[in-house]
Amino acid sequence: VCVIIFWLLKMEISVGEAEKRTGKNTVNMQEIYTVYLIETRPVDAVTEGIIPAPDSLWRRYSEFELLRNYLLVTYPFVVVAPLPEKRAEIVWHKLSADNMDPDFVERRRVGLENFLLRLACHPVLCNDKIFYIFLTEADSRLKAMNAAFRVKNPDKRFTELKHYSDELQTVVSQLLRVRARVADRLYGVYKVHGNYGRVFSEWSAIEKEMGDGLQSAGHHMDAYAASVDDILEEEEHYADQLKEYLFYTEALRAVCRKHELTQFELEMAAQDLASKKQQKEELVTGTVRTFSLKGMTSKLFGQETAEQREAKLQVLEQQIEEGEEAVKEKNTESE
């Protein structure tokens, strides 16, 4: 169990259990989904011999995704821990590809707990206020913050590239899953023939008249069963090439995320610059175009002196100059 230190508060974190629920999605359709119980308990109380009941709340996997996306945007210089897979991408042998399969849900629960513990152990991320809210408050502001990070004027080229990479990832993942199932069944068929080969070889020792024929059939089945290794090796080689495309989709999406962040910062810088220019115009002309507490204060307590206005004007001009430089830098970075 990792201990998170946030504003001098220490707590233990765990993802205790998973539970299936039924509800309506965004398009008002009934759906079945899984929620995970996050439990937190103050460490200080435990060390003092008091074991309080843990605080707990339920979170969906999509909320963990929102948290990670927020951290990626807010801390582009930090390696944010990965989440466990949302669905079973590549399944070998007898593992179920069903998202509601109890074994898969349990593996994902452990992965989500590891994700939270890794964030809590990070010297920067453990102090993030939204992360703390995610652990302690059911009404999280993550969804609102996620919407706030959406750019107002997205670049069409990057939007199309993101859609392309999402679609390519979905198609390649499905293809890999199908081929994995086919390879698994093919392996089973060939190994059954290997068992038959052994049976026919043992049978040939008993049957004198049919011995040669049975032994020949047994050798043929052994050779047939052994040939699966070459087939699976070729299949693995093909799968490796498909996986390269799969990894490239993530590389494309990373570029799109970086551009989206740069575009967002550019829009914020331009918005801030426009606000400063408007303040300068209001200060020079003496007219307030929008309601503000400052304007109301001026009406109540009188206008500022010429020296005060001049000092503020100089500060605004300096800020405008810095803002124009920031917009220029963000434009260059975006290009």
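Just so it is clear, the structure is predicted and the values come from calculations on it, not from any experiment.

Rules of the game
Residues numbered from 1 in each chain as written. Predicted model: local features only at pLDDT ≥ 70, side-chain atom pairs only at ≥ 80, totals over all residues. Heavy atoms only, no water. UniProt positions renumbered as here; feature names shortened; annotations may be inferred. Helix = DSSP H or I, 4+ residues; strand = E, 2+ residues; numbered from the N terminus. Salt bridge = Lys/Arg side-chain N within 4 Å of Asp/Glu carboxyl O. Buried < 20%, exposed > 50% of the residue type's maximum accessible area, 1.4 Å probe, protein only. Core = buried A, V, L, I, M, F, W, Y, C linked by side-chain atoms within 4.5 Å. Contact = heavy atoms within 4.5 Å. Axes fitted to C-alpha atoms, helices over the stretch in contact; angles between N-to-C directions. Parallel < 35°, antiparallel > 145°, perpendicular 65-115°, else oblique. Nonpolar A, V, L, I, M, F, W, Y, C, P; charged D, E, K, R; others polar. Expected span 1.5 Å × (residues − 1). Polar contact = N/O pair within 3.5 Å; in protein donor to acceptor, adjacent residues only side chain to side chain. Phe/Tyr/Trp six-rings, centres within 6.5 Å; stacked < 30°, edge-to-face > 60°. Lys NZ or Arg CZ within 6 Å of the ring centre and 35° of its normal. Patch = residues over 30% accessible without salt bridge, like charges linked within 9 Å, V, L, I, M, F, W, Y side chains within 5 Å. Areas by Shrake-Rupley, 256 points an atom, 1.4 Å probe, with all protein chains shown as cover. Left-handed = near helix turned anticlockwise from the far one by under 90°.

Asker: Summarise the UniProt feature "coiled-coil region" (unreviewed entry) in the protein; cite the residues concerned and give the values.
Answerer: Using the residue numbers shown here, the UniProt feature "coiled-coil region" (unreviewed entry) corresponds to residues 306–333. Helix makes up 100% of residues 306–333 and strand 0%, and the two end C-alpha atoms of the span are 40 Å apart.

Asker: I'd love a proper account of the pattern of salt bridges, names of residues and values included.
Answerer: Opposite charge on two side chains permits them to pair, given that their charged atoms come into close proximity. Taken as a whole and judged by the stated rule, the model has 18 salt bridges. Between E250 and R257 there is a salt bridge, with the nearest N and O atoms lying 3.1 Å from each other. Using a relative accessible area of 34% as the deciding quantity, one classes E250 as partly exposed. By relative accessible area, which is 34% here, R257 ends up partly exposed. Here E317 and K280 are joined by a salt bridge, their closest N and O atoms 3.9 Å apart.

Asker: Any chance you could break down the nonpolar core for me, citing the residues and the numbers?
Answerer: Counting residues in hydrophobic clusters, the biggest one holds 30 residues, and the most contacted among them are F64, L67, L71, F115, L116 and L119. Mapped onto this core, the elements with two or more residues apiece are β2 (9–24), β3 (30–42), α2 (61–74), α3 (102–120) and α4 (129–136). Sorting elements by how many residues they give to this core places α3 first, with 7 residues. Setting aside its immediate chain neighbours within four residues, F115 contacts F64, L67, R68, A81, P82 and L83.

Asker: I'd love a proper account of the packing of helix α7 (residues 211–226) against helix α8 (residues 228–285), names of residues and values included.
Answerer: Relative orientation and spacing of two packed helices are given, respectively, by the angle between their axes and the distance between those axes. Close contact between α7 and α8 brings their axes to 4 Å; oriented N to C, the two are set at 15 degrees. Considered as vectors, α7 and α8 are oriented roughly parallel to each other. Facing Y224, A225 and A226 of α7, the residues of α8 in contact are V228, D229 and D230. Classifying every residue of the contact of α7 with α8 gives 4 nonpolar, no polar and 2 charged.

Asker: Tell me what's going on with α2, and back it up with residues and numbers.
Answerer: Between its terminal C-alpha atoms α2 stretches 20 Å, which fits the 20 Å expected from 14 residues at 1.5 Å a residue. Along α2, the residues that are buried comprise Y61, E63, F64, L66, L67, Y70 and L71.

Asker: Let's hear about the side chain of R59: which residues, and what values?
Answerer: Along the chain, R59 turns up in strand β4 (residues 55–60). Polar contacts involving the side chain of R59 include one to the main-chain carbonyl oxygen of F134, which spans 2.9 Å. Within the local environment of R59, its side chain forms a polar contact with the backbone oxygen of E137, the two atoms lying 2.7 Å apart.

Asker: Please provide a residue-by-residue account of the packing of aromatic side chains, values included.
Answerer: Enumeration according to the criterion identifies 3 aromatic pairs in this entry. Ring geometry for F64 versus F134: centroids 5.2 Å apart, planes at 75 degrees, classification edge-to-face. On the criterion of sequence distance, the pair formed by F64 in helix α2 and F134 in helix α4 is long-range, its members being 70 residues apart. On the basis of relative accessible area, F64 is assigned to the buried category, the value being 0%. One aromatic cluster is present, formed by F64, F115 and F134 through successive ring pairs. Looking at R59, its charged tip hangs above the ring of F134, at a distance of 4.5 Å from the centre.

Asker: An account of helix α10 (residues 306–334) is needed here, citing residue identities and associated values.
Answerer: Think of an α-helix as 3.6 residues a turn; residues three or four steps apart then line up on the same face. End to end, α10 covers 41 Å across 29 residues, agreeing with the expected 42 Å (1.5 Å per residue, within 8%). Three or more residues of α10 are buried, namely L313, L316, I320, G323, V327 and S334.

Asker: Describe the environment of S56, listing the residues and the values that go with them.
Answerer: By the secondary structure assignment, S56 is in strand β4. For the pair formed by S56 and E137, sequence separation is 81 residues and the distance between their alpha carbons is 9.0 Å.

Asker: Any chance you could break down the side chain of E235 for me, citing the residues and the numbers?
Answerer: Looking at the secondary structure, you find E235 in helix α8. Residue E235 is classed as buried on the basis of its relative accessible area, which comes to 19%. If near-sequence neighbours (up to four positions away) are discounted, E235 is found in contact with R179 and A183.

Asker: Quick one: what's the story with a nonpolar patch on the surface, residue by residue and with numbers?
Answerer: Taken together, the side chains of W203, I206 and M210 present a nonpolar region at the surface, about 320 Å² in accessible area. The topology assignment puts I206 in helix α6 (residues 156–206).

Asker: Tell me about the packing of α2 against α3, and name the residues and values.
Answerer: For the pair α2 and α3, interaxial distance at closest approach is 12 Å and the crossing angle is 30 degrees. The angle between α2 and α3 places the two elements in the roughly parallel class. The interaxial crossing formed by α2 with α3 has left-handed handedness. Each of Y61, F64, L67, R68 and L71 in α2 lies in contact with α3, whose residues at this interface are R108, L112, F115, L116 and L119. Residues belonging to the contact of α2 with α3 are distributed by class as follows: 8 nonpolar, no polar and 2 charged.

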